[in-house]
Amino acid sequence: MFTTMTEGTREDWGHIAREHAVHQKSAAVEQIMESLARLDKIEVGFAATQLGHSLMAATLARRSGASDEEVVAALCHDLGKLMSIPNHGAIAAEILKPYVREDIYHAVKHHQAFQGKYYYEYLGQSPNLRDDFASEPWYDFAVKLVDEWDCPAFDPNFPADSLESFRPEVTRVFSNPKRVI
Ligand SMILES: [Fe+2]
């Protein structure tokens, strides 16, 4: 096995690719589930914790008949808040990118701009940022994600489904990357 990439052989890279495939099968699912659980520690001023919010959003998506990818997007759209608030949508979108439809990726990436309709005026910003994306093919899904699942999901008394109940959807989505590179 090489110690510098400049000396890698076809055999080396075959071995590395196989090991990555083995790791990928379980690692992504477990990391996502553990990361979601850690959202329970983040409240940031809302009535619900970020885990409670994510579970409620995903439950609303599930009960509306959303696909696995859409349910997982609702569940994971705020995952980036574990690392950074200002770019949390972009972080979550990049985590999801290999596994979901392109419109889902863009909707998660820009979901905060769409939410701004309801509060940016209070923070000195334009509430109309979503209008900039009106001609994008992913606009309609972003509206659904934000208006139907994300924005209503701050009720701490809502009987949301448990995190563990979403393991099947998380497993199906994160076990099947649509692209490797
Ligand atoms: Fe959210």
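Use the structure listed above.
Anyway, here's the lowdown on the structure attached to this text. Worth saying up front: this structure is predicted, and the values here are computed from it rather than measured.

This part is about helix α1 (residues 10–38). A rise of 1.5 Å per residue sets the reference length of α1, with its 29 residues, at 42 Å; its end C-alpha atoms lie 40 Å apart and thus fit the reference within 8%. Inspection of α1 places Ala-28, Ile-32 and Leu-36 among the buried residues, and these make up the whole buried set. The secondary structure elements touched by the buried residues of α1 are α2 (50–63), α3 (68–76) and α8 (167–174).

Assignment of secondary structure puts Phe-141 in helix α7 (residues 139–150). In this structure the C-alpha to C-alpha distance between Phe-141 and Asp-103, which are 38 residues apart in sequence, comes to 6.9 Å.

Turning our eyes to something else, we now look at the environment of Glu-70. Mapped onto the elements of the fold, Glu-70 is located in helix α3. As for Glu-70 and Ala-58, which are separated by twelve residues in sequence, their C-alpha atoms are 8.4 Å apart. The residues touching Glu-70, leaving out its near neighbours within four places in the chain, are Ala-61 and Ile-104.

The contact between α2 and α3 brings their axes to 7 Å, and the two run at 160°. Judged on the interaxial angle alone, α3 and α2 are roughly antiparallel. Between α2 and α3 lies a crossing whose hand is right-handed. Packed against α2, whose contacting residues are Ser-54, Ala-57, Ala-58, Ala-61 and Arg-62, the element α3 presents Glu-70, Val-71, Ala-74 and Leu-75 at the interface. Class assignment for the residues of the contact of α2 with α3 results in six nonpolar, one polar and two charged.

Procedures and definitions
- Residues numbered from 1 in each chain as written.
- Predicted model: local features only at pLDDT ≥ 70, side-chain atom pairs only at ≥ 80, totals over all residues.
- Helix = DSSP H or I, 4+ residues; strand = E, 2+ residues; numbered from the N terminus.
- Expected span 1.5 Å × (residues − 1).
- Buried ≥ 20, exposed ≤ 12 C-beta atoms within 10 Å, placed from the backbone.
- Contact = placed C-beta atoms within 7 Å.
- Axes fitted to C-alpha atoms, helices over the stretch in contact; angles between N-to-C directions.
- Parallel < 35°, antiparallel > 145°, perpendicular 65-115°, else oblique.
- Left-handed = near helix turned anticlockwise from the far one by under 90°.
- Nonpolar A, V, L, I, M, F, W, Y, C, P; charged D, E, K, R; others polar.

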